Amino acid sequence: MPLPLTKGFGVAQIVISGFDDALLNRLRVRAIVSGRTLDAEVEAILRAAAELSADDKSTLLDQVAALAPARSREGGALQREERDR
Amino acid sequence: MTLLIDASVLLATVDAGPLRAAARALLTGGFDLVALDHAAWEIARIEHARKRRGECSEAAALATLDVLPHLCRWVATTPALVRRGVELAFELGVSPADGLWLAATESLDAQLVTADAALYQSTRNTAFDARIVTL
């Protein structure tokens, strides 16, 4: 499965169609309780949810490793070559 | 204790070599891991060179860079850090890049973890002796 490549560096927006009013109200209350704007509250929730678990990280690294054959040199040697260049 | 990890450790997580398991354990072990943004640049240059030598595809090189933001916290290189790095390079006889990482280790009051044997050896019997460990 191809990895989702990072694209674009602009200010991103997410538009969710048909967003549930009750959920929106719950988010508004949560934002008030935490002293944040609604946008900031939603961003904080998404930021926390976007953190990868240890298993997620392992899966991601397996996918990256599978894209390339075995390296001819290891990380330490590659870093040394880069720094001594 | 904050653990500062360099490009060699990040690369070891996708290497097929013997350090892969140790690097993976470090990255998934719940440690407070931080990397200097300079590592992303080093890895970018390494991956670009690998692609140029035909050792990997463009997609593989870019995927290696894509995964980096997810692996640890990142801190920015500052002119003050660079200045201290060069000072340490003069003092210890290491490269400016190595000096930069030593400066970051000092600045973050961290332990530097590396898979770079030359970096490790160059800091034996210095003030950084106990601050640098190898995978």
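Refer to the structure above for everything that follows.
Residues numbered from 1 in each chain as written. Chains lettered and ligands numbered in written order. Predicted model: local features only at pLDDT ≥ 70, side-chain atom pairs only at ≥ 80, totals over all residues.

Caption draft 1: Region of the structure containing the overall build of chain B. Check the secondary structure of chain B and you find seven helices and five strands. Walking chain B from its N terminus toward its C terminus, one meets helices and strands in the order β-α-α-β-α-α-β-α-α-β-α-β. By the compact-globule yardstick of 14 Å for 135 residues, chain B fits well, its C-alpha radius of gyration being 15 Å. Its C-alpha atoms give chain B principal-axis dimensions of roughly 40 × 30 × 25 Å. Per-residue burial over chain B gives 43% buried out of 135 residues. Across chain B, every contact between residues at least 6 apart in sequence was considered, and the portion connecting residues at least 24 apart equals 57%. (Helix = DSSP H or I, 4+ residues; strand = E, 2+ residues; numbered from the N terminus. Rg over C-alpha atoms; globule rule 2.2 N^0.38 Å. Buried ≥ 20, exposed ≤ 12 C-beta atoms within 10 Å, placed from the backbone. Contact = placed C-beta atoms within 7 Å.)

Caption draft 2: Focus on the overall build of chain A. When helices and strands are tallied, chain A shows four helices and zero strands. Ordered by position in the sequence, the α and β elements of chain A form the string α-α-α-α. By the burial criterion, 14% of the 85 residues in chain A qualify as buried.

Caption draft 3: Highlighting the nonpolar core. B:Ile5, B:Val9, B:Leu10 and B:Leu11 are the most contacted members of the largest nonpolar core, which totals 46 residues. What B:Leu11 contacts, discounting residues up to four positions off in sequence, is A:Gly75, A:Leu78, B:Ile43 and B:Ile46. (Core = buried A, V, L, I, M, F, W, Y, C linked by C-beta atoms within 7 Å.)

Caption draft 4: Structural context of the sheet that holds strand β4 (residues 111–114) of chain B. Residues and elements named next belong to chain B. In space, the five strands of this open sheet follow the order β3-β2-β1-β4-β5, with parallel pairing throughout. Two strands lie at the open edges of the sheet, namely β3 (73–75) and β5 (132–134), each paired on one side alone. Each neighbouring strand pair of the sheet contributes to a mean axis angle of 35°, computed without reference to strand direction. Across three bridges, the pairing between strand β2 (residues 33–36) and β3 is parallel. Paired with Leu36 across the bridge in β3 is Val75. (Pairing = 2+ DSSP bridges. Axes fitted to C-alpha atoms, helices over the stretch in contact; angles between N-to-C directions.)

Caption draft 5: The pairing of β4(B), seen in detail. Residue and element names in this part refer to chain B. With three bridges connecting them, strand β1 (residues 3–5) and β4 associate as parallel partners. Looking across to β4, one finds that Leu4 is bridged to Leu112. For β4 and β5, the ladder comprises three bridges, and the chain directions are parallel. Residue Thr114 lies in a different strand from β5, and its bridge partner there is Thr134. Handedness of the β-α-β unit built from β4, helix α7 (residues 117–122) and β5 comes out right-handed. (Right-handed = clockwise from strand over helix to strand, strands pointing away.)

Caption draft 6: Region of the structure containing the interface of chain B and chain A. Listed by partner, the interface residues are 37 residues for chain B and 25 residues for chain A. The element contributing the most residues to the side of chain B that touches chain A is helix α4 (residues 58–67) of chain B, with seven residues. Here the residues of the side of chain B that touches chain A sort into 20 nonpolar, eight polar and nine charged. (Nonpolar A, V, L, I, M, F, W, Y, C, P; charged D, E, K, R; others polar.)

Caption draft 7: Here's a closer look at helix α3 (residues 54–67) of chain A. With 14 residues, α3(A) should reach 20 Å at 1.5 Å per residue; the first-to-last C-alpha distance of 20 Å fits that figure. When we look at burial in α3(A), the residues that qualify are A:Leu61, A:Val64 and A:Ala65. Down the axis of α3(A), the sector holding all buried residues measures 100°, keeping them to one side. Relative to its buried face, α3(A) has exposed residues pointing more than 90 degrees away, namely A:Asp55, A:Asp56, A:Thr59, A:Asp62 and A:Ala66. Tucked inside the fold, the buried residues of α3(A) contact α2 (20–27) and α4 of chain B. (Expected span 1.5 Å × (residues − 1). Arc of directions from axis to C-beta.)

Caption draft 8: Focus on unusual backbone geometry. Residues and elements named next belong to chain B. The phi dihedral of Asp109 is positive, around 50°, even though this residue is not glycine. Mapped onto the elements of the fold, Asp109 is located in the loop between α6 (96–107) and β4. Residues other than glycine seldom take positive phi values, yet Asn125 does so here, at roughly 60°. Its location among the elements puts Asn125 in the loop between α7 and β5.

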